[in-house]
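Architecture and fold: a report
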Amino acid sequence: MSRLKRALCFLCCLRAETEAEEDHDYTNMLERARLHRETWRLNELARLKIELESQGRVQQPDQASQDLATKASRGDSVEIEDVERKRALEQEREQEERVARLMEIRRQKLQRTFQAEKLRIELAAVMVLQSEVRMGTVLISQGVNGTSNYVIWKGSPNIISNRKGVMTTLHEGQDLLAPFKRRPQVVRPEHVCHFLRVGNRDFMSILKDVNANMVHVEEKGEPALILKRSSEQVFAPGAPEHASCSNKFLVKLGTPDTILQFLLFSMNPDTPDDQMDPFVCSFLLTYYVFMTPEELTWLSQRSLFLNDRFTLHSEPSVDTGLVQVKERVVTLVIQWVALYGLLLLDNPAVVHFLEKLSKQVKGHAHLRMLRDYISARRYLLLDNGQWTKNQTSNRGHQLDWSLVWNKHYQTTRPIRMKDKVLLKVYRHDHRFTSVRMPLNASVEDVMAALKAPVGDNMLIRLKSSGAREQLKMDARAISILGINERLFLCSASQAAELTPLQGQLGPKANRSTLENMSAKAMAAQLTSYDWELFSAMHETELLYYVLGRKQFPNSLTANLERFIRRFNVVTYWVVTELCLCAELSKRARLMRKFIKMATVLYREKNMNSFMAVMYGLTNSAVSRLHKTWKKVPKAQLKRFRQYELILDPFSNHDALRQVVAKLDLPYIPYLPLILKDLTFINEGNKTRQDNLVNFEKMNLFAKTLKIVKDCRNQPYLPIVPQRGSTKKGTGLHNIQKPSCKKPSCKKPSYPEQFHNSRKLHVISDQLKLTQLSRAIEL
Amino acid sequence: MAKQYDVLFRLLLLGDSGVGKTCLLCRFTDNEFHPSHISTIGVDFKMKTLMIDGIKVRIQIWDTAGQERYQTITKQYYRRAQGIFLVYDITSERSFQHIMKWASDVDEYAPDKVQKILIGNKSDEEHKRQVATEQGTKLAKAYGMDFYETSAFTNHNIKESFTRLAEQVLQANWKDLDVLRASVTDELNIAALEEEEGIGDGHGDSQKACWC
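Reading the values: the criteria
- Residues numbered from 1 in each chain as written.
- Chains lettered and ligands numbered in written order.
- Predicted model: local features only at pLDDT ≥ 70, side-chain atom pairs only at ≥ 80, totals over all residues.
- Heavy atoms only, no water.
- UniProt positions renumbered as here; feature names shortened; annotations may be inferred.
- Buried < 20%, exposed > 50% of the residue type's maximum accessible area, 1.4 Å probe, protein only.
- Helix = DSSP H or I, 4+ residues; strand = E, 2+ residues; numbered from the N terminus.
- Pairing = 2+ DSSP bridges.
- Core = buried A, V, L, I, M, F, W, Y, C linked by side-chain atoms within 4.5 Å.
- Contact = heavy atoms within 4.5 Å.
- Phe/Tyr/Trp six-rings, centres within 6.5 Å; stacked < 30°, edge-to-face > 60°.
- Lys NZ or Arg CZ within 6 Å of the ring centre and 35° of its normal.
- Axes fitted to C-alpha atoms, helices over the stretch in contact; angles between N-to-C directions.
- Parallel < 35°, antiparallel > 145°, perpendicular 65-115°, else oblique.
- Left-handed = near helix turned anticlockwise from the far one by under 90°.
- Nonpolar A, V, L, I, M, F, W, Y, C, P; charged D, E, K, R; others polar.

- Chain B is annotated in an unreviewed UniProt entry as Ras-related protein Rab-15 from Alosa alosa.
- According to its UniProt record, chain B has this under Cofactor (unreviewed entry): "Mg(2+)".
- Comment text from UniProt for chain B, heading Catalytic activity (unreviewed entry), reads "GTP + H2O = GDP + phosphate + H(+)".

Below you can see the structure in the form of structure tokens.
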């Protein structure tokens, strides 16, 4: 139906416009539209000419301005740059003015294209006026699918049913869409009527166009930007007034440059801090897929520089548009820094750019407000867990970038690219050598650091099960290590006899510390640690992880890998603890505790650990413990079965998705599903198409990444109040920070609890776990 | 309500990352090649109904793409599967060697009756071949599996291999077919409902996914 409505909208607005001019010759509509365009261009040329002449700085005003204007109207940015270069030696300032103006024209041109004028013209071209002078002519017979669509121009035809007679009378502006109305109908004009008729085929093809609503922008004869009308916003009733028509267009394909240009053109710099413009958000979350940070700084710098002096020397009222562009560049950069924070500081080119921009802002009256805005952005985390704005404003004249980036509630420092780790490499006799290696060190680097001759030595990854794998020279040596895995350096003959270290095998006996802790306390500890690891992981790591190292050799995914590892550890921990508990009654108590823990984690909206614990409880080594399961109370068992349904991957994890959809922020998302979605988006869609960036794919990426971003940007506070805490309200503000919390049990003391939940010793060998499970219950 | 299918089988794709599991899947479930299509995460994009011996077999295919590092999760999938594709890449010797690891995992975690099939993918990249066809045949024979060399790119042997596994699963479960029918009733209703809803709110075309 929406297609129909949209088509009607076009027909009606077409009609309304023509009528307003009291022009009964509809066929010349096309001509008029063309004329209108021509007039606009001529006006634009004249305006430009006059302005350039009045400034008296152009030697050959006629030719030069015309030349420029034609080029501008072609949207030919490369040639604009050519002109720019030629004149650069003569009159630098003048040139800048002109280029800035040309940019402005180009922007206007873009805007003009968006008004869907083209579509209206198209419709006018295929529309025919049909006058029915004779009364009683049947337009569409009952039961027959018509071949044409009509809009009533003048007159009021009737719809007559063979059985019931006159059913209704149509009036001017109403439509008769033949193929869509399956109901038999007879239309018989009572008086002289005029119709606008559009053949079905034309109508359908235009409808398709309207539906697709594509706008193509070309640069130098090559397609540079393809926009698509957003179907959501067109009919959105509560759309704000200031959202210009350009906001209704979404980038489908484009070159990185034009995408950025369009972004600067269409973004709304007044969007509040916490709700980013969706386009800006998509762009910033995914730009590194199609352009490097250096390219981004270069392009922003260019947009900024072109307008810089021009705005300083002119009346602000005249050049509001240019100031706007500048403002938008600064806003974009601020949001960029806010999103990436410390990650950008590892890139010298970006740091240089930021410093330069900071200086530019200092000398710029128009941008002072932006600086104030940034100063106001300093947030503090109060003891009660609320974020508050810092009262002390920054009195300096430069931008302090450190105030900009989003502060996370981080106690665990994120791993950074340049960080080095202490890597222990073992020999076949279990002696080890320690080397400090950067995170992305390859096997070759490690071998070099160990000064091992390459010929007869190799690096082996040994799992706790005794399985070994020889690493290739170009593989990463550190990040590939899983739980209880160690690196061994040995010769080919020694490799066959490698035995796992004692530490790799995991605990031998149940240490029973869990017995003294409540499920709630343990869940709270798990969540608080999860939250630290989760917030230390940047959204970009997910995308880098999915896109792969081949494409981004220097990408950082260590924080994500740490979080993935944690998931596996928690799962194995549940299985290990249960399998090591030989006494049936104790084991049943432990099982109940774990189910309780899952309940608490679920209520705390820690989906990641909830799923980890559940995967532990449904592990084959645990689910076969029938005697133990029998001792679980029915009510609890019933709840467990309900949770089990969430695990079911049926219908692409439909059950889990439904649960997650109901959660409010903040929550810790179940990361495997996000990684899976990203993988599918990546594998299912091309990144580039005909050398243009497929921005729709970026939008899909961003939509998924935004979930993680939104979750990370919230301060985490536990929902479930602990028994020991003084306030028992469910409101977030009533609850204390997790670190302030008193342990609910007297023993063990807080530091021990803390230690317990962070350092989990597990058996990661499934075979061994199954053996243990068989040993305790046949 | 007319039954959409008679039985429902769950098949699982296993193999190293990068062997083209997802591509195989999209080739099979959505045979048309849409180079420029944009897709969203569909609800039922991994379902396909086949006619085998007059029985409407609905197969649901699981893919663990993107989750390879979560060892604890992927093993959970095994237990619910009735048929398993072991996929390697003919241009990667390593992925072939890992088949043994995957096969032993399957033996350990999957139900006894599970049916397996060996797939050597990317058969169109003959010039980069590292694993000879004979090697594949030999391995398949050793494990008592059928073997196909496929190409998601040229659509070679895709439908054949999926149908073959479905047939095997059907044969293995022939005796329990009635039981199976009964056990899928709930899911059947859900699936039918989802399908109806999909048509109802017009999400049908927007969520139709294509992954290649």
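Let's pick the thread back up.
1. Overview of the pairing of strand β17 (residues 486–491) of chain A
Residue and element names in this part refer to chain A.
- Burial analysis of β17 places five of its six residues in the buried class, the great majority of the element.
- One ladder, built from two bridges, connects strand β13 (residues 420–426) with β17; its direction is parallel. Its bridge partner lying in β17, Y426 is registered against F488.
- Judged from the six bridges that link them, strand β15 (residues 457–462) and β17 form a sheet pairing that is antiparallel. Directly across from I460, in β17, lies its bridge partner F488.

2. Quick word on the nonpolar core
- Of all hydrophobic cores here, the largest spans 149 residues; its most connected members are F283(A), Y287(A), W336(A), L542(A), W573(A) and L86(B).
- Excluding residues that lie within four positions of it along the chain, W573(A) makes contacts with L514(A), M522(A), L526(A), F594(A), M597(A), L760(A) and V762(A).
- Ranked by size, the runner-up nonpolar core spans 25 residues in total, among them F28(B), L50(B), I55(B) and L165(B).

3. Thoughts on the packing of aromatic side chains
- In the structure shown here, the tally under the stated rule is 26 aromatic pairs over all chains.
- When the ring of F283(A) is compared with that of Y287(A), the centres are 6.4 Å apart and the planes differ by 25°; the resulting orientation is stacked. Placement of the pair is F283(A) and Y287(A) together in helix α10 (residues 278–290), with a separation of four residues, close to one helical turn.
- Owing to a relative accessible area of 0%, F283(A) belongs among the buried residues under this scheme.
- Taken together, the aromatic side chains of F262(A), F279(A), F283(A), Y287(A), Y288(A), F290(A), W336(A), Y340(A), Y544(A), F552(A) and F695(A) make up a single cluster linked through ring pairs.
- For the cation-ring pair, K424(A) lies above F432(A), with the distance from its terminal atom to the ring centre recorded as 4.7 Å.
- For K101(B), the ring lying beneath its charged end belongs to W102(B), and the centroid distance is 4.2 Å.

4. A short note on the packing of helix α18 (residues 519–536) of chain A against helix α21 (residues 584–603) of chain A
Residue and element names in this part refer to chain A.
- Taken N-terminus to C-terminus, the directions of α18 and α21 make an angle of 50°; their axes are 8 Å apart at the nearest point. Considered as vectors, α18 and α21 are oriented oblique to each other. For α18 against α21, the interelement crossing comes out right-handed. Seen from α18, the contacting residues are A519, K520, M522, A523, L526 and T527; seen from α21, they are K593, K596, M597, V600 and L601.
- Split by residue class, the contact of α18 with α21 holds seven nonpolar, one polar and three charged.

5. Focus: the sheet that holds β15(A)
Residue and element names in this part refer to chain A.
- Pairing within the open sheet is mixed, and its five strands lie in the order β14-β13-β17-β15-β16. Both edges of this open sheet fall to β14 (432–438) and β16 (468–470), since each of them pairs with a single strand only. The sheet shows a mean angle of 35° between the axes of neighbouring strands, direction not considered.
- Pairing between β15 and β16: three bridges, direction antiparallel. The partner of I460 across the bridge, within β16, is Q470.

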